[in-house]
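# Close look at the chain arrangement
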Amino acid sequence: DAGITQSPRHKVTETGTPVTLRCHQTENHRYMYWYRQDPGHGLRLIHYSYGVKDTDKGEVSDGYSVSRSKTEDFLLTLESATSSQTSVYFCAISERPDYGYTFGSGTRLTVV
Amino acid sequence: GENVEQHPSTLSVQEGDSAVIKCTYSDSASNYFPWYKQELGKRPQLIIDIRSNVGEKKDQRIAVTLNKTAKHFSLHITETQPEDSAVYFCAASINGNNRLAFGKGNQVVVIP
């Protein structure tokens, strides 16, 4: 899809290690979001950003941090990965919070 | 905060029949209601949306209706086809907040 890429697409990591996922956009959208998706839970918001260096917590932010030093990049860091953080992570971008989101292709993270 | 609920959680329909998924929301100030389709292993994609100043919107075989008084909105798929099989997520804007509230998703299965 146009304008948003996530990296890596797949990652396996060990418990206790730090992990950083990257979301990159070329749309110059102000709003960026990180979600995790697990069976039976739908899309759960981890953190989001409403501008460079402006971020806020979502419903499931414990154990995660984010940074946005420039418009195009939004990084999600798992400080010390745990097995409960095994999930599919989606990034989304939006021009405005009341506009449709465009989602990235997702990152499948497995913590062993 | 805004609470969005979807019903039914799973819907099976015969190919060619219609499917209807209903979402309820709690915040009467919500003014934007998108629907996303997620095929297995893929990203969620926006398929249709509606704003609070409109009661119905159509796009080929799909339509969305909004009842602001009852605080619910519905996705209608006519002449269902196997490729309509997917998980569908509804969402609602959160007044005064920079994000959407998502429902947990409906699995739609179209039986050939």
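Attention here is on the structure that accompanies the text.

What counts, and at which threshold
Residues numbered from 1 in each chain as written. Chains lettered and ligands numbered in written order. Predicted model: local features only at pLDDT ≥ 70, side-chain atom pairs only at ≥ 80, totals over all residues. Heavy atoms only, no water. Helix = DSSP H or I, 4+ residues; strand = E, 2+ residues; numbered from the N terminus. Buried < 20%, exposed > 50% of the residue type's maximum accessible area, 1.4 Å probe, protein only. Contact = heavy atoms within 4.5 Å. Pairing = 2+ DSSP bridges. Axes fitted to C-alpha atoms, helices over the stretch in contact; angles between N-to-C directions.

## Observations concerning the overall build of chain A
- Looking only at helices and strands, chain A has zero helices and 11 strands in total.
- Counting from the amino terminus, chain A carries its helices and strands in the arrangement β-β-β-β-β-β-β-β-β-β-β.
- Summarising its shape, the C-alpha atoms of chain A cover approximately 35 × 25 × 25 Å along the three principal directions.
- Across the 112 residues in chain A, those meeting the buried criterion constitute 48%.
- Considering only residue pairs separated by 6 or more positions, chain A has 55% of its internal contacts joining residues 24 or more positions apart.

## Concerning the sheet that holds strand β3 (residues 19-25) of chain B
Residues and elements named next belong to chain B.
- If you walk across this open sheet you meet the five strands as β1-β3-β8-β7-β6, and the pairing is antiparallel. Of all strands in the sheet, those with a lone pairing partner are β1 (4-7) and β6 (56-59), marking the two edges. Geometrically, the sheet is characterised by an average inter-axis angle of 15° between neighbouring strands, direction not taken into account.
- Here six bridges tie strand β7 (residues 62-67) to strand β8 (residues 72-77), and the two strands are oriented antiparallel to one another. Bridged to Thr-65 within β8 is Ser-74.

## A closer look at the sheet that holds strand β1 (residues 4-7) of chain A
All names here are of chain A.
- Spatially, the four strands line up as an open sheet ordered β1-β3-β8-β7, and their pairing is antiparallel. Looking at the sheet topology across the chains shown, the edges are occupied by β1 and β7 (64-70). If you compare each strand with its neighbour and ignore which way they point, the axes differ by 15° on average.
- Pairing between strand β3 (residues 19-25) and strand β8 (residues 73-78): six bridges, direction antiparallel. For Leu-21, the partnering residue across the bridge sits in β8 and is Leu-76.

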